[in-house]
Protein chains: 2
Amino acid sequence: KIIEVIERNETRAQPLKGKNVLITGGPTQETIDPVRFFTNHSSGKMGYALAEVAKELGANVTLVSGPVQLDTTSGIELIEVTTSEEMFEAVTTRFQNQDIVIKSAAVADYRPKHVSKQKLKKQDGPLVLELERTKDILKYLGEHKEQQYLVGFAAETENLKEYGKQKLNKKNLDAIVINDVGNKNIGFKSDQNEVHVMTKNGLEKDIPLDSKVEVARNLFEIFIKDMAGETH
Amino acid sequence: KIIEVIERNETRAQPLKGKNVLITGGPTQETIDPVRFFTNHSSGKMGYALAEVAKELGANVTLVSGPVQLDTTSGIELIEVTTSEEMFEAVTTRFQNQDIVIKSAAVADYRPKHVSKQKLKKQDGPLVLELERTKDILKYLGEHKEQQYLVGFAAETENLKEYGKQKLNKKNLDAIVINDVGNKNIGFKSDQNEVHVMTKNGLEKDIPLDSKVEVARNLFEIFIKDMAGETH
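Residues numbered from 1 in each chain as written. Chains lettered and ligands numbered in written order. Predicted model: local features only at pLDDT ≥ 70, side-chain atom pairs only at ≥ 80, totals over all residues. Heavy atoms only, no water.

**Observations concerning the overall build of chain A**
Cut-off, in case you're wondering: In this description a helix means any DSSP run of H or I spanning at least four residues, a strand means any run of E spanning at least two, and both kinds are numbered starting from the N terminus. Throughout, radius of gyration means the C-alpha value; the globule benchmark is 2.2 Å times the number of residues raised to the power 0.38. Accessibility here uses a 1.4 Å probe with only protein chains present; expressed as a share of the type maximum, an area under 20% marks a residue as buried, one over 50% as exposed, and anything in between as partly exposed. The contact criterion used throughout is that any non-hydrogen atoms of two residues lie within 4.5 Å. Reported accessibility uses the Shrake-Rupley method at a 1.4 Å probe radius. Residues are deemed covered only where the shown protein chains occlude them.
Of the regular secondary structure elements, chain A holds 6 helices and 12 strands. For chain A, whose C-alpha radius of gyration is 19 Å, the value lies close to the compact-globule estimate of 17 Å for 232 residues. Counting all 232 residues of chain A, 50% fall into the buried class. Across chain A, every contact between residues at least 6 apart in sequence was considered, and the portion connecting residues at least 24 apart equals 62%. A total of about 11,400 Å² of accessible surface is found on chain A, and carbon and sulfur atoms cover 47% of it.

**Considerations on the packing of aromatic side chains**
All names here are of chain A. For clarity, the threshold we go by: A pair of Phe, Tyr and Trp rings is counted when the ring centres sit within 6.5 Å of each other, with Trp represented by its six-membered ring. The angle between the planes then sorts it: under 30 degrees is stacked, over 60 is edge-to-face, the rest tilted. Here, a charge over a ring is recorded when the distance from Lys NZ or Arg CZ to the ring centre is within 6 Å and its angle to the ring normal is within 35 degrees.
A complete count under the given rule lists 7 aromatic pairs over all chains for this structure. The interplanar angle of 50 degrees and the centroid separation of 5.9 Å between the aromatic rings of Tyr149 and Phe223 together place this pair among those described as tilted. Here Tyr149 is found in strand β9 (residues 149-156), whereas its partner Phe223 is found in helix α6 (residues 212-227), with 74 residues between them in sequence. Among the residues examined, Tyr149 registers a relative accessible area of 6% and is labelled buried. Members of the aromatic cluster, connected to one another through ring pairs, are Tyr149, Phe220 and Phe223. In this arrangement the basic side chain of Arg133 is found over the ring face of Tyr110, its NZ or CZ atom lying 5.7 Å from the centre.

**Some remarks on the confidence of the model for chain A**
How we decide: Residue-level confidence of the predictor is what pLDDT reports, using numbers from 0 through 100.
Scored by pLDDT, chain A has a mean of 91; 94% of the residues are at 70 or more. With a pTM of 0.86, the predicted complex shows an ipTM of 0.84.

**Some words on the pairing of strand β12 (residues 204-211) of chain B**
Residues and elements named next belong to chain B. What counts here: Two strands pair if DSSP finds at least two bridges between them.
The pairing of strand β11 (residues 192-199) with β12 spans 6 bridges and is antiparallel. In the strand pairing of β12, Val195 is matched with Ile207. Hairpin remark: β11 followed by β12, antiparallel, with 4 residues in the connecting loop; positive phi at Gly202, about 100 degrees.

**Focus on the sheet that holds strand β4 (residues 60-65) of chain A**
Residues and elements named next belong to chain A. Cut-off, in case you're wondering: The convention used is that axes are lines fitted to C-alpha atoms, helices contributing only their stretch in contact, and that angles between N-to-C directions extend from 0 to 180 degrees.
Within the open sheet, the 8 strands sit side by side as β5-β4-β1-β6-β9-β10-β11-β12. Their pairing is mixed. Strand pairing shows two members of the sheet lacking a second neighbour, β5 (76-80) and β12 (204-211), which therefore form its edges. Each strand axis lies, on average, 15 degrees off the axis of its neighbour in the sheet, ignoring direction. The pairing of β4 with β5 spans 5 bridges and is parallel.

**As for the pairing of β11(B)**
All names here are of chain B. With respect to burial, β11 is a largely interior element, 6 of its 8 residues being buried. Sheet topology places strand β10 (residues 175-180) next to β11; 5 bridges connect them, and they run antiparallel. Bridge pairing links Val177 to Val197 in β11.

**Topic: the side chain of A:Thr92**
Turning to its location among the elements, A:Thr92 is positioned in helix α3 (residues 84-92). When near neighbours in sequence (up to four residues on either side) are disregarded, A:Thr92 contacts A:Tyr140 and A:Leu141.

**Side note on the interface of chain A and chain B**
Reports often express the size of an interface as the amount of accessible area lost when the parts come together. Short version of the rule: When two parts are put together, the accessible area they lose, computed with a 1.4 Å probe and summed over both, is reported as buried area. Salt bridge criterion: a side-chain nitrogen from Lys or Arg within 4 Å of a carboxyl oxygen from Asp or Glu.
Across the contact, 37 residues belong to chain A and 37 residues belong to chain B. By the criterion of area lost to chain B, the three top residues of chain A are A:Phe37, A:Tyr110 and A:Lys122, representing 16% of everything that side buries. Here chain A is connected to chain B by 3 salt bridges. Across the pair A:Arg36 and B:Asp109 runs a salt bridge whose closest N-O atoms are separated by 2.6 Å.

**Quick look at the UniProt feature "binding site: CTP" (unreviewed entry) in chain A**
To be explicit about the condition: UniProt positions are given in the numbering used here, feature names are shortened, and annotations may be inferred rather than shown by experiment.
Summarizing the sequence annotation, UniProt attributes the feature "binding site: CTP" (unreviewed entry) to A:Asp109, A:Lys119, A:Phe153, A:Lys167 and A:Lys171 in the numbering used throughout. Considering the C-alpha atoms alone, the annotated residues occupy 63 residues of sequence and remain spread out, their largest mutual distance being 37.6 Å. Mapped onto the elements of the fold, A:Asp109 is located in the loop between β6 (100-103) and β7 (110-112). Look at A:Asp109 and you get buried, because its relative accessible area is 15%. Filtering out sequence-adjacent residues up to four positions away, A:Asp109 remains in contact with A:Glu132, A:Arg133, A:Thr134, B:Arg36 and B:Lys122. Every residue in contact with A:Lys167, bar those within four places of it in the chain, is listed here: A:Leu138, A:Phe153, A:Ala154, A:Leu173 and A:Ile176.

**Remarks on the sheet that holds strand β3 (residues 36-40) of chain B**
Within a sheet, adjacent strands bond to each other through the backbone by hydrogen bonds, running parallel or antiparallel. Taken together, 4 strands build an open sheet; the order of strands is β2(A)-β3(A)-β3(B)-β2(B) and the sheet is antiparallel. Each of the sheet's edge strands pairs with one partner strand only, and the pair in question is β2 (30-31) of chain A together with β2 (30-31) of chain B. Here 2 bridges tie β2(B) to β3(B), and the two strands are oriented antiparallel to one another. When the sheet's bridge partners are listed, B:Glu30 is paired in β3(B) with B:Phe38.

Pasting the structure below:
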């Protein structure tokens, strides 16, 4: 009887036991020359929190991370990348065996068309930098997904829910997490976050301001419900 | 007699006692929109090492630092900035009272001409980004210097000594420290460095591979000799 209770608790506590979960986090850096690059303000904290919580829930966790100043606890497979191209390779080659994929990394949409091997000398006056689109990792995953439950993030500063819903449909996602990155109190460098989550099956929830780990716990609760076909 | 020896040692050990030394370090970040920015690979370690050594030598130290992941020890006045424009303000408004100014920060030469208050939506196809020159802090200091001993850094990947000598003359510096940033073993993220230093008065020295703190000690030895009018 006691063993049964413990087992039930174990099962309840580890709903992702045996599941493969891949999470991306952090920014990418896009090289201009050996010194200069483009990047963004992602600290990786949300991705690392999601990875910790996935591990807590029993999953086999792979974390594909851009350059950040964070440590992972043991038991998480960490794949470190720098550019969007490396992120694309790291994620797509590991996609097939995953049960859940959460793309919280802030991957650059553009990169310099020409990469200089030598440091560019400055000139007088203005300069025009030609940029080209990087590969759209989320779109690729949406097009190639089979059993995978695919979650995207939308970092927006305006029309949050509208852009989020568009992205959910356009990228063939199962769920989208919408982040107001214009709000200085949350997101990016902060240890706290406040998000809105929508699923393709119609679950929708505001997750109020809390630590990124607590927000991650709330998000996984929604994803697990949604995967089980619960509708509220 | 003992007191005399101690005092002599104290004096010898603190040749910068009472001197005001301003050091800049780290990168700058140039905003594109609330999410994206331009930056460079400077870790700030060389600037922070110079600040520590200046303090060790008895100086009143001000460290103007771009965004880095480093701590200063107490007794150093830390001024944190983000953009090249903020760096310009922080340095020029504090320039007048300084005895030595060492510009080891990697300040962006260019910044986006238009800064967007909202996150730019991505579009299909390539994009052209217009960049404008930032204010040249070192040039400004060279034009306005009076008693200040002014040191610049040149981070180059080719023709190192030639570019360095040009910069020394063109910017009206007292000394220049030349860094080979194409060499992966040194510079930027590394805790070690290897530099070449030249002064206007003709002192010149290769400082071999060593910790950045040791390199900083060697550099100050040259600067102090040079300020005293020693020629070798």
